[in-house]
Amino acid sequence: MSMVEPTWRSTKRAQTLIHMRHEGGIIVPAKVKATCCIAGGGPAGLMLGLLLARAGVDVVVLEKHADFLRDFRGDTIHPSTMQIMDELGLLDDFLKLPHQPVPQFTLQFGTERLRVADFSRLPVRAPFIAMMPQWDFLNFIAGHAQAYPGFRLLMRTQATGIIRDGSRICGATAKAPDGEIEIHARLTIAADGRDSTLRGAAALLPEDLGAPIDVLWFRLSRHHKDTDQTQARFDAGHIFIMLNRGYYWQCAFVIPKGANERVRQAGLSAFRDSLRPLLPVDAARADEIQDWEQVKLLVVQVNRLKQWWKPGFLCIGDAAHAMSPVGGVGVNLAVQDAVAAANILVEPMRTSKLIDAHLAAVQSRRDWPTRATQRLQLLIQNRVVAAALVETDRLKPPLAIRLIAAIPGLRQLPARLIGLGVRPEHVSPPLQTT
Ligand SMILES: Cc1cc2nc3c(=O)[nH]c(=O)nc-3n(C[C@H](O)[C@H](O)[C@H](O)COP(=O)(O)OP(=O)(O)OC[C@H]3O[C@@H](n4cnc5c(N)ncnc54)[C@H](O)[C@@H]3O)c2cc1C
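Within each chain, residues carry numbers counting from 1 in the order of the written sequence. Local features in a predicted model are, by the rule used here, given only for residues with pLDDT of at least 70; side-chain atom pairs are given and counted only at 80 or more, and totals for whole chains, interfaces and linings are based on all residues. To get the side-chain values, take all heavy atoms of the structure and skip hydrogens and water.

Turning our attention to the overall build of the protein. What counts as a helix is a DSSP run of H or I of at least four residues, what counts as a strand is a run of E of at least two, and both are numbered from the N terminus. Helix and strand content of the protein: 12 helices and 23 strands. In this setup the radius of gyration rests on C-alpha atoms only. A globule is expected at 2.2 Å times the number of residues raised to 0.38. Over its C-alpha atoms the protein spans a radius of gyration of 22 Å, differing by no more than 12% from the 22 Å that the globule rule assigns to 434 residues. With respect to the three principal axes, the spread of C-alpha positions in the protein is 70 × 45 × 40 Å. A total of 434 residues make up the protein; the buried ones form 54% of that total. We call two residues in contact when some of their heavy atoms are within 4.5 Å. A fraction of 74% describes how many contacts in the protein between residues 6 or more apart in sequence connect residues 24 or more apart. As presented, the protein carries roughly 18,300 Å² of accessible surface, and 55% of it is formed by carbon and sulfur atoms. Working convention for charge: Lys and Arg count positive, Asp and Glu count negative, and His plus the chain ends are omitted. Charge positions are represented by NZ for Lys, CZ for Arg, CG for Asp and CD for Glu. Between the centroid of the 51 positive side chains of the protein and the centroid of its 41 negative side chains there is a distance of 4 Å. Residue burial is assigned from relative accessible area. The probe radius is 1.4 Å, only protein chains are included, and a residue is buried under 20% of its type maximum, exposed over 50%, and partly exposed in between. Methods summary: accessible areas were calculated by the Shrake-Rupley approach with a probe of 1.4 Å, and residue burial reflects only the protein chains presented.

Below you can see the structure in the form of structure tokens.
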């Protein structure tokens, strides 16, 4: 699949709609019209763009970057997302992209290893987590969306604010490669991530739910004799996760909130020393970390909006709720939001009957799954993860985790919660190809 290029040329129609107007020597913003304007070409924005365009809704997606290349982003594609792909008839092609299947998940407490989730028995076509670079996933969705004439993806176009008509939001302003543009739309969607510009412009403030941890991400090489098991290790004072990415390990070293500076000041050598005993491969592999540039900080946020919408405006994905990294569900919840939004909004958008109640309906559909997932994440984050970081004695698995590992039937519970999520969405039958 070729990279989606910076697209002023995405469709002929877009070219005629997008142009700078010179009035009396002054350049005024070009105006673009669409039924729906989506800010953010991440999992939420692109999936919603695909679903709307597939149903014949005219949609413009704005993405500030020139490509989808980001390292250390959500690279875990869960069975729920692959089920959506299957319902769209895209799963077979999707699984041809390079990925590593993770059918089971193991936790290690001290020297004790416990299998806590077995995805292989989930009643879906792809019963595993697919580890896939997010850019491959996003290119795949964008590539398929561009087959629909109503889909326009404007790369290198950064949403900067909202356009209002009285109390109603009726579009977004954006900085494009050739200057300012205005996108006028019946519905404006903020899918621009956890630091959403449009959410701020609409004066919607997320409620912070607290996160006692941050995460340091880095890569170590993977050798052919290494285990192929993706794993998480809990030791007194440390949590270390290794995700099998084929020729490398994607490693997450969990630290207490705000400890990044302290870890860096202690020096690379101390950092490597703290890694060595945690590695299930030869300890010398820690020496591959030669520069702090190789180590990226994820500042963990857990938050959500009380209200996801305003007249003419809706937030989805991380813009509505930043998730804890526990369970790696962020991408998948973003996709679920997109599917729910499309299911509820397509018909009123097609018939020009969109009212506030439809936007409220999207929130009430997705608010409960979001709350339930965050509640569970916070429980694990605060009781197990944060507790391990302050522990000084040998760590033992909590009773609940022992029970889950010991009783095969119980192992299905985390597999379902992580793999399928709470109240999984399905592509609605009324969606039609145009
Ligand atoms: C380091 C890291 C590791 C993570 N690991 C995992 C994981 O393993 N599994 C998992 O499921 N989740 C993970 N997450 C979370 C996951 O990436 C997000 O939950 C998910 O991507 C949310 O999707 P989204 O579409 O709502 O937002 P995003 O993925 O944040 O996408 C928003 C998009 O909007 C664009 N954008 C931002 N502002 C503007 C603007 N003003 N105008 C136009 N475009 C804009 C951005 O460039 C981006 O492409 C991780 C996150 C981080 C930061």
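So, about the packing of helix α9 (residues 330-350) against helix α10 (residues 356-390). Running from N to C, α9 and α10 point in directions that differ by 160°, and their axes come no closer than 9 Å. If you check the angle between α9 and α10, you find them roughly antiparallel. Pair α9 / α10 crosses with right-handed handedness. Contact with α9, carried on its side by L333, Q336, D337, A340, A341, I344, L345 and P348, involves H358, L359, A361, V362, R365, R366, T370 and T373 of α10 and no other residues of that element. Note that Gly is not counted as nonpolar here; it falls among the polar residues with everything else outside the nonpolar set of Ala, Val, Leu, Ile, Met, Phe, Trp, Tyr, Cys and Pro and the charged set of Asp, Glu, Lys and Arg. When the residues that make up the contact of α9 with α10 are grouped by side-chain class, the tally is nine nonpolar, four polar and three charged. Axis definition: a line fitted to C-alpha atoms, limited for helices to the stretch in contact. Angles are taken between N-to-C directions and run from 0 to 180 degrees. Oblique is the label for any angle not covered by the other classes, which are roughly parallel (under 35 degrees), roughly antiparallel (over 145) and roughly perpendicular (65 to 115). A clockwise turn of the near helix away from the far one marks a right-handed crossing, whereas an anticlockwise turn of less than a right angle marks a left-handed crossing.

Locating Q374 in the fold gives a position in helix α10. Apart from residues no more than four positions distant in its own chain, Q374 is found in contact with L209, V302, N303, R304, H321, A322 and M323.

On to the confidence of the model for the protein, then. Close inspection of predicted coordinates is inappropriate for parts of the model with low pLDDT. Confidence of the predictor in every single residue is expressed as pLDDT, which spans 0 to 100. This prediction gives the protein a mean pLDDT of 90; 92% of its residues lie at or above 70. Here residues 1-20 is modelled with pLDDT under 50, and outside its nearest four sequence neighbours on either side it reaches 56 contacts, counting other chains as well. Low pLDDT (under 50) marks residues 430-434, which in the prediction has 16 contacts with non-local residues, meaning those over four places away or in another chain.

In this section: the side chain of N332. Among the secondary structure elements, N332 is positioned in helix α9. A residue is classified by how much of its surface remains accessible, and N332, at 3% relative accessible area, is buried. Once residues within four sequence positions are removed from consideration, N332 is found in contact with T76, I77, H78, S80 and T81.

This brings us to the sheet that holds strand β8 (residues 112-118). DSSP-based pairing: two strands are paired if at least 2 bridges between them are found. Pairing in this open sheet of seven strands is mixed, and the strands run β8-β7-β16-β17-β18-β15-β19 from one edge to the other. Looking at strand neighbours, the two that pair on one side only are β8 and β19 (296-298), the edges of this open sheet. Geometrically, the sheet is characterised by an average inter-axis angle of 20° between neighbouring strands, direction not taken into account. With three bridges connecting them, strand β15 (residues 213-221) and β19 associate as antiparallel partners. Bridged to V215 within β19 is L298. Here α10 sits on the sheet in contact with β7 (104-109), β15, β16 (231-235), β17 (238-244) and β18 (248-256), set at roughly 110° to β17.

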